[in-house]
Amino acid sequence: MGKKAWRVAVAGGAAAVFTAVAAVPAGAAENGVAFTRVKVNGGKPIVVGISKEVAVPASFRMSTTLRWESPMVFPYRGKLDSGDELWHAIETSDCITVSRNVCDFNETLYLDPSEYSMRNKDAGAWKTAARVYFVGDGHDADNENLTVYVKRNTRLKVNASPEPVKKGKTITVTGKVTRANWETRKYASYGGRKVSLQFKPVGATSYTTVKKVYANSSGALRTTVKAGTSGTWRWRYYGNTTSGPSTSTGDRVVVR
């Protein structure tokens, strides 16, 4: 990867999602640029919590004979160059030369919910655009026909009791599922979710799903199982189009 040649950033205090026309120089968009091989986050969803900056890797190839500066790829909604864009700062590498007038680039796109406003409705599907500014004036922006999902982080808690327990007796496993609220910057109850209860016996290397349980309206989870052998219990939520997956820590129960 080339050294970080430039970093484009939103001014402090600005919203994470902004109107693209406010960010481009005057002048009509230019042609004569081709973007290919665009990848964002390795094709995986971008999951964002309430306080930690998320660094999203991206890469692309650009071909042009024009004099350029500051190429980038980013998520957007609405009409290209007149809709919403989702990024707080972007760092792009120097040109990695492929051939004359053809460059590969590596990029890091930053989302920081602790510094910039993010709206809960921003969760879900976004399109991907590529844009480059030209030396002097103008720019070129293209829709890359690549969908990127941006999701609210979720969390799970677990407790299995009693500990220890006699074989054949009942173990009660409780927990709670919560989801990041980007507007309040807190985690809130995420009710109605279907969550898998998983178990890993002592000596095993992986978990097996025992049953699936729906959280109540407050996000609380509760179920019972028969004690068979010592091992570790946990909850696993697989997420949806607006919410990321999560796994609780494990709670070990000794069966005597």
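Residues numbered from 1 in each chain as written. Predicted model: local features only at pLDDT ≥ 70, side-chain atom pairs only at ≥ 80, totals over all residues. Heavy atoms only, no water.

### A few points about the overall build of the protein
Phase 1 of the analysis: In terms of regular secondary structure, the protein is built from zero helices and 22 strands.
Phase 2 of the analysis: Looking at the protein residue by residue over its 256 residues, the buried ones come to 45%.
Phase 3 of the analysis: Of all intrachain contacts in the protein linking residues separated by at least 6 positions in sequence, the fraction that spans at least 24 positions is 70%.
Phase 4 of the analysis: With the model as given, the accessible surface of the protein reaches about 12700 Å², and the carbon-plus-sulfur share is 48%. (Helix = DSSP H or I, 4+ residues; strand = E, 2+ residues; numbered from the N terminus. Buried < 20%, exposed > 50% of the residue type's maximum accessible area, 1.4 Å probe, protein only. Contact = heavy atoms within 4.5 Å. Areas by Shrake-Rupley, 256 points an atom, 1.4 Å probe, with all protein chains shown as cover.)

### A few points about unusual backbone geometry
Phase 1 of the analysis: Look at the link from Ser-161 to Pro-162: it is a cis peptide, with omega at 0°.
Phase 2 of the analysis: Glu-163 connects to Pro-164 through a cis peptide bond whose omega is -5°.
Phase 3 of the analysis: Within the fold, Pro-164 resides in the loop between β14 (154-161) and β15 (170-181).
Phase 4 of the analysis: A positive phi angle, near 70°, is found at Asp-81, a position not held by glycine.
Phase 5 of the analysis: Following the sequence through the fold, Asp-81 ends up in the loop between β6 (68-77) and β7 (84-86).

### Some details on the state of the cysteines
Phase 1 of the analysis: Under the counting rule described, the total for this entry stands at one disulfide.
Phase 2 of the analysis: Two residues, Cys-95 and Cys-103, share a disulfide whose sulfurs are 2.0 Å apart. Given an S-S torsion of about -85°, the disulfide between Cys-95 and Cys-103 has left-handed geometry.
Phase 3 of the analysis: Overall, Cys-95 belongs to the partly exposed group, its relative accessible area being 28%.
Phase 4 of the analysis: Overall, Cys-103 belongs to the buried group, its relative accessible area being 10%. (Disulfide = S-S within 2.5 Å.)

### Notes on the packing of aromatic side chains
Phase 1 of the analysis: The final tally for this structure, using the stated rule, is five aromatic pairs.
Phase 2 of the analysis: With centroids separated by 6.2 Å and ring planes inclined at 85°, the aromatic side chains of Tyr-190 and Tyr-237 adopt a geometry described as edge-to-face. Of the two residues, Tyr-190 sits in the loop between β16 (186-189) and β17 (194-201) while Tyr-237 sits in strand β20 (residues 231-237), which places them 47 residues apart along the sequence. Each member of the pair, Tyr-190 as well as Tyr-237, carries the same accessibility label: buried.
Phase 3 of the analysis: A connected cluster of aromatic rings, assembled from ring pairs, spans Phe-35, Phe-60, Trp-68 and Phe-105. (Phe/Tyr/Trp six-rings, centres within 6.5 Å; stacked < 30°, edge-to-face > 60°.)

### Observations regarding the environment of Lys-166
Phase 1 of the analysis: With respect to the helices and strands, the residue Lys-166 is situated in the loop between β14 and β15.
Phase 2 of the analysis: Here the alpha-carbon distance between Lys-166 and Lys-226, two residues 60 residues apart in the chain, equals 9.7 Å.
Phase 3 of the analysis: In this structure, Lys-166 is in contact with Ala-227, Val-255 and Arg-256, ignoring residues within four places of it in sequence.

### Considerations on the nonpolar core
Phase 1 of the analysis: Judged by nonpolar contacts, the single largest core of 36 residues is most densely connected at Val-40, Ile-46, Val-48 and Phe-74.
Phase 2 of the analysis: Sorting the residues of this core by element identifies β3 (33-40), β4 (46-48), β5 (54-64), β6, β10 (102-111), β11 (124-134) and β13 (148-152) as the ones contributing at least two each.
Phase 3 of the analysis: Looking at this core element by element, the count peaks at six residues for β11.
Phase 4 of the analysis: Those residues within four positions of Val-48 in sequence are excluded, and the remaining contacts are Val-54, Leu-111, Pro-113, Met-118, Val-150, Lys-151, Arg-152, Asn-153, Ala-180 and Trp-182. (Core = buried A, V, L, I, M, F, W, Y, C linked by side-chain atoms within 4.5 Å.)

### Re the pairing of strand β9 (residues 96-99)
A regular strand places its side chains on the two faces of the sheet in alternate fashion.
Phase 1 of the analysis: Pairing of β9 with β10 involves three bridges; the strand directions are antiparallel. Across the sheet, Thr-97 pairs through a bridge with Cys-103, a residue of β10.
Phase 2 of the analysis: Where β9 folds back on β10, the antiparallel hairpin that results is connected by two residues, among which Asn-101 adopts a positive phi of roughly 70°. (Pairing = 2+ DSSP bridges.)

### Topic: the side chain of Thr-64
Phase 1 of the analysis: For Thr-64, the position within the fold is in strand β5.
Phase 2 of the analysis: You can call Thr-64 buried: its relative accessible area is 8%.
Phase 3 of the analysis: Only 2.9 Å separates the side chain of Thr-64 from the backbone oxygen of Gly-32, close enough to count as a polar contact.
Phase 4 of the analysis: Each residue touching Thr-64, except ones within four places of it in the same chain, is listed here: Gly-32, Val-33 and Asn-101. (Polar contact = N/O pair within 3.5 Å; in protein donor to acceptor, adjacent residues only side chain to side chain.)

### Some remarks on the side chain of Ser-230
Phase 1 of the analysis: Within the secondary structure layout, Ser-230 lies in the loop between β19 (220-226) and β20.
Phase 2 of the analysis: For Ser-230, a relative accessible area of 15% translates into the label buried.
Phase 3 of the analysis: Side-chain polar atoms of Ser-230 contact the backbone nitrogen of Val-255, separated by 2.7 Å.
Phase 4 of the analysis: Each residue touching Ser-230, except ones within four places of it in the same chain, is listed here: Phe-199, Pro-201, Val-202, Val-253, Val-254 and Val-255.

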